[in-house]
Amino acid sequence: MEQEQGELDSFLKWAAELGISDSLQSQNPSSCLGHSVIVSHFPHAGGRGLAAARDLRRGELVLRVPKSALLTSESVMKDESLSLALKSHPSLTPTQMLTVCLLYEINKGKSSWWHPYLIHLPRSYEILAAFGEFEVQALQVDYAVWAAKKAVTKAKSQWKEARKLMEELKFKPKLLTLRAWLWASGTISSRTLHIPWDEAGCLCPVGDLFNYAAPGDEPNGFENVDLLQNGDAADDMDAGQFDAPSWRLTDGGFEEDVTAYCFYARKNYKMGEQVLLSYGTYTNLELLEHYGFLLYENPNDKVFVPLEDDIYSSTSWPKDSLYIHETGKPSFALLSALRLWATPANQRRSVGQLAYSGSQLSLDNEISIMKWTSNNCLDALKSLPTSIEEDSLLLSAIEKFQDYDDPVEWSKTALSYGGEVCAFLEAFDQQNGKSSVDLVLSNRNRMLIDRWKLAVQWRLRYKKVLVDCISYCCKRINSLSDQGVSAQDGEHLGSSELVTKVNSMSIPQSLTGS
Ligand SMILES: C[S@@+](CC[C@H](N)C(=O)[O-])C[C@H]1O[C@@H](n2cnc3c(N)ncnc32)[C@H](O)[C@@H]1O
């Protein structure tokens, strides 16, 4: 513990020497922090992060990192032999190049200029590309499994393409492995910030200690520079957003006039509160893919359910706009597409304009699409191998495993759960070639458990949104039926049947955050 603190202190001193500072007025030579922010620990919101060192006002500059302190391909390539070697591999992407640059610096060990920074990087990452087959399958939902497989395959092929260059650069054998590549690309994916001169972005000492909060919580109109390294600007198709001015979603960016990366408080903070940064607008699957975590409450989450082919073909809305919001409400485009689809084909043209503008077409039409949507969500839930209750139990079991210090106790408890827990232990033993009892406490094994937990959390969030959607549809059906016009008996019956089913699907408190 003392050693850790000592290393952190020398890192902050090194950073101060490079001109990194959280103060515009005074420069403290022994630490770059202390005036606006300090390093702190937030076990339930990202682990290590930055806390307000005093009350901060929204818009205040909280950290400045000069360009000369940024680790970019350009800055690492000041090394001539690396620069020459990279030039002979022009087909590598900017991100592959930055990944090689990072490993190149790691390969130098203590002699790397960035050594004081590099030793504070996390040991491992939980991004999708690092998922093993077991964790991939634990996601259960087809499109998530597909995204994870794609991420794994992409990482492998990028590593293979870069291997020759890394051999030419005489990397230590350990740094030539896929595992080292996954670590380096995890670092790049989860920590780089946007810079205008390199699409791979930069690693920003100290600036990469800000944890994430989704954009949208702070009052509208906070304008600042952009930092959308992996992300896209909000592309939600909901009503009211079409004409929204493209106000920026982030709170930090590279500023040419001061040649530095600057970070601002996105809202007022009380002393001790965690100062958060918005890296961009992400769904939970995207957060998992790029950053290796997800949010219990993510206003930007989107859930997709399988739709019939003729729904897609009866509308011009893009497929990725047909989703369900975190609240359970179908997206604007999904409602519009369903309203059109539920209209007889020969009448669609006449109601098209109304449907695309987001209007309800008729009570009958609205009730039928609500009913269809709730049934479709129920079918999607039933098609998954485990229920919400089972996932909740499994999650609490995984949480218990994470707390165990005694491997024998761990494995005894694990075996008593059966099902997916036993399958995990088997997969785990196969991967390690040893018994899980011997290995359970190692960091690597804790990491496997962490990834499995994330997969279960993700699918549980998915299921909860479907349940909320069913609830939403039921309420709509009942309120439309209460309007008294055109509601058919069967429909009311159907909706209460759905409500009963919905009520029986409980959501664990740990996940709802309540
Ligand atoms: C730029 S780093 C932030 C600093 C990081 N916590 C550290 O210790 O170096 C981004 C990583 O922090 C973690 N993180 C950031 N925000 C988070 C949040 N709201 N919840 C959970 N983990 C978060 C994720 O592991 C993510 O990949």
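Residues numbered from 1 in each chain as written. Predicted model: local features only at pLDDT ≥ 70, side-chain atom pairs only at ≥ 80, totals over all residues. Heavy atoms only, no water.

If you look the chain up in an unreviewed UniProt entry, it shows as SET domain-containing protein from Rubroshorea leprosula.

Student: Looking at this structure, I do not really get the nonpolar core. What am I missing?
Tutor: Core analysis: the largest hydrophobic core is formed by 148 residues, its most contacted members being Leu139, Tyr261, Phe263 and Trp452. When residues in this core are grouped by element, the largest group, 18 residues, is from helix 18 (residues 443-482). (Core = buried A, V, L, I, M, F, W, Y, C linked by side-chain atoms within 4.5 Å. Buried < 20%, exposed > 50% of the residue type's maximum accessible area, 1.4 Å probe, protein only. Helix = DSSP H or I, 4+ residues; strand = E, 2+ residues; numbered from the N terminus.)

Student: So what exactly am I meant to see when it comes to the pairing of strand 2 (residues 47-52) here?
Tutor: One face of the sheet, then the other: side chains in a regular strand alternate in exactly this way. Within strand 2, five of the six residues are buried, which leaves it mostly tucked inside the rest of the structure. Bridging between strand 1 (residues 37-42) and strand 2 involves six bridges; their strand directions are antiparallel. Bridge assignment links Ile38 to a residue of strand 2, and that residue is Ala51. The turn linking strand 1 back onto strand 2 is made up of four residues, and Gly46 within it adopts a positive phi angle of 105°. (Pairing = 2+ DSSP bridges.)

Student: It is not clear to me how the site of the ligand should be interpreted in this structure. Could you clarify?
Tutor: Around the ligand there are 14 residues in total, and Arg48, Arg191, Asn211, Tyr212 and Tyr291 lie nearest to it. Between the ligand and the protein, one listed contact pairs a nitrogen atom with a backbone N or O atom of Tyr212 at 2.8 Å. Here an oxygen atom of the ligand sits 2.6 Å away from a polar atom, N or O, in the main chain of Tyr291. Of all the secondary-structure elements, those providing two or more residues to the shell around the ligand are helix 8 (178-191) and strand 6 (211-212). Tallied by class, residues from the shell around the ligand come to eight nonpolar, three polar and three charged. (Near = heavy atom within 4 Å. Polar contact = N/O pair within 3.5 Å; in protein donor to acceptor, adjacent residues only side chain to side chain. Nonpolar A, V, L, I, M, F, W, Y, C, P; charged D, E, K, R; others polar.)

Student: I'm lost on the state of the cysteines in this one. Help?
Tutor: Among covalent bonds in proteins, the disulfide is the one between the sulfur atoms of two cysteines. Considering all chains together, one arrives at zero disulfides under this definition. The thiol of Cys469 is unpaired, and the distance to the nearest cysteine sulfur, on Cys377, comes to 3.7 Å. For Cys469, a relative accessible area of 0% corresponds to the buried category. (Disulfide = S-S within 2.5 Å.)

Student: Is there a simple way to explain helix 9 (residues 284-291) in this structure?
Tutor: Residue pairs three or four apart in sequence face the same way in an α-helix, which turns once every 3.6 residues. With six of eight residues buried, helix 9 is to be regarded as a mostly interior element. In this structure, the buried residues of helix 9 make contact with helix 7 (142-168), helix 8, strand 6 and helix 18. Following helix 9 by one or two positions, Gly292 adopts a phi angle in the positive range, close to 75°. (Contact = heavy atoms within 4.5 Å.)

Student: Is there a simple way to think about the pattern of salt bridges in this case?
Tutor: Working definition: two side chains of opposite charge can pair if their charged atoms are close together. With the rule as written, the count across this model stands at 19 salt bridges. Notably, a salt bridge pairs Arg54 with Glu60, separated by 2.9 Å at the nearest N-O pair. Residue classification places Arg54 among the partly exposed residues on the basis of a relative accessible area of 23%. Residue Glu60 is classed as buried on the basis of its relative accessible area of 17%. The partner of Lys108 in a salt bridge is Asp79, with the nearest N and O atoms 3.5 Å apart. Here Lys108 is found in the loop between helix 4 (94-107) and helix 5 (115-118), whereas its partner Asp79 is found in the loop between helix 2 (73-76) and helix 3 (80-87), with 29 residues between them in sequence. Under the relative-accessibility criterion, Lys108 is labelled partly exposed at 30%. Connected through shared salt-bridge partners, Asp391, Glu420, Arg459 and Lys463 make up one network. (Salt bridge = Lys/Arg side-chain N within 4 Å of Asp/Glu carboxyl O.)

Student: Help me understand the sheet that holds strand 3 (residues 61-66), please; the structure alone is not making it clear to me.
Tutor: Either a parallel or an antiparallel arrangement is found when strands of a sheet pair, and the pairing is made through backbone hydrogen bonds. Pairing is antiparallel in the open sheet, where three strands are placed in the order 3-8-7. The two strands at the open ends of the sheet, each matched to only one other strand, are strand 3 and strand 7 (252-255). If you compare each strand with its neighbour and ignore which way they point, the axes differ by 20° on average. Here five bridges tie strand 3 to strand 8 (residues 260-264), and the two strands are oriented antiparallel to one another. (Axes fitted to C-alpha atoms, helices over the stretch in contact; angles between N-to-C directions.)

Student: Would you take a moment to explain unusual backbone geometry for this structure?
Tutor: Outside of glycine, negative phi angles account for most residues, and trans bonds account for most peptide bonds. For Lys170, which is not glycine, the phi torsion reads 60° and is therefore positive. The phi dihedral of Thr259 is positive, around 45°, even though this residue is not glycine. Looking at the element boundaries, Thr259 is found in the loop between strand 7 and strand 8. Its relative accessible area of 41% is what places Thr259 among the partly exposed residues.

Student: What is the right way to look at the packing of aromatic side chains in this model?
Tutor: We describe a pair of aromatic rings using the distance from one ring centre to the other and the angle between the two ring planes. Going through the model one piece at a time under the given rule, you end up with 26 aromatic pairs. With 5.8 Å between their ring centres and 75° between their planes, Phe134 and Trp452 make a pair best called edge-to-face. Taken together, the residues Phe134 in helix 6 (residues 133-138) and Trp452 in helix 18 connect sequence positions 318 residues apart. Judged on exposure class, the residue Phe134 and its partner Trp452 are both buried. Counting every residue linked through ring pairs, the aromatic cluster contains Phe11, Trp14, Trp113, Trp114 and Tyr117. The ring of Trp197 has Lys67 sitting right over it, with the charged end atom 4.4 Å from the ring centre. The residue whose ring lies beneath Lys319 is Tyr312, and the NZ or CZ to ring-centre distance is 4.6 Å. (Phe/Tyr/Trp six-rings, centres within 6.5 Å; stacked < 30°, edge-to-face > 60°. Lys NZ or Arg CZ within 6 Å of the ring centre and 35° of its normal.)

Student: Would you mind showing me how to read helix 18 here?
Tutor: Between its terminal C-alpha atoms helix 18 stretches 58 Å, which fits the 58 Å expected from 40 residues at 1.5 Å a residue. By the criterion of burial, helix 18 is predominantly enclosed, with 28 of the 40 residues buried. (Expected span 1.5 Å × (residues − 1).)

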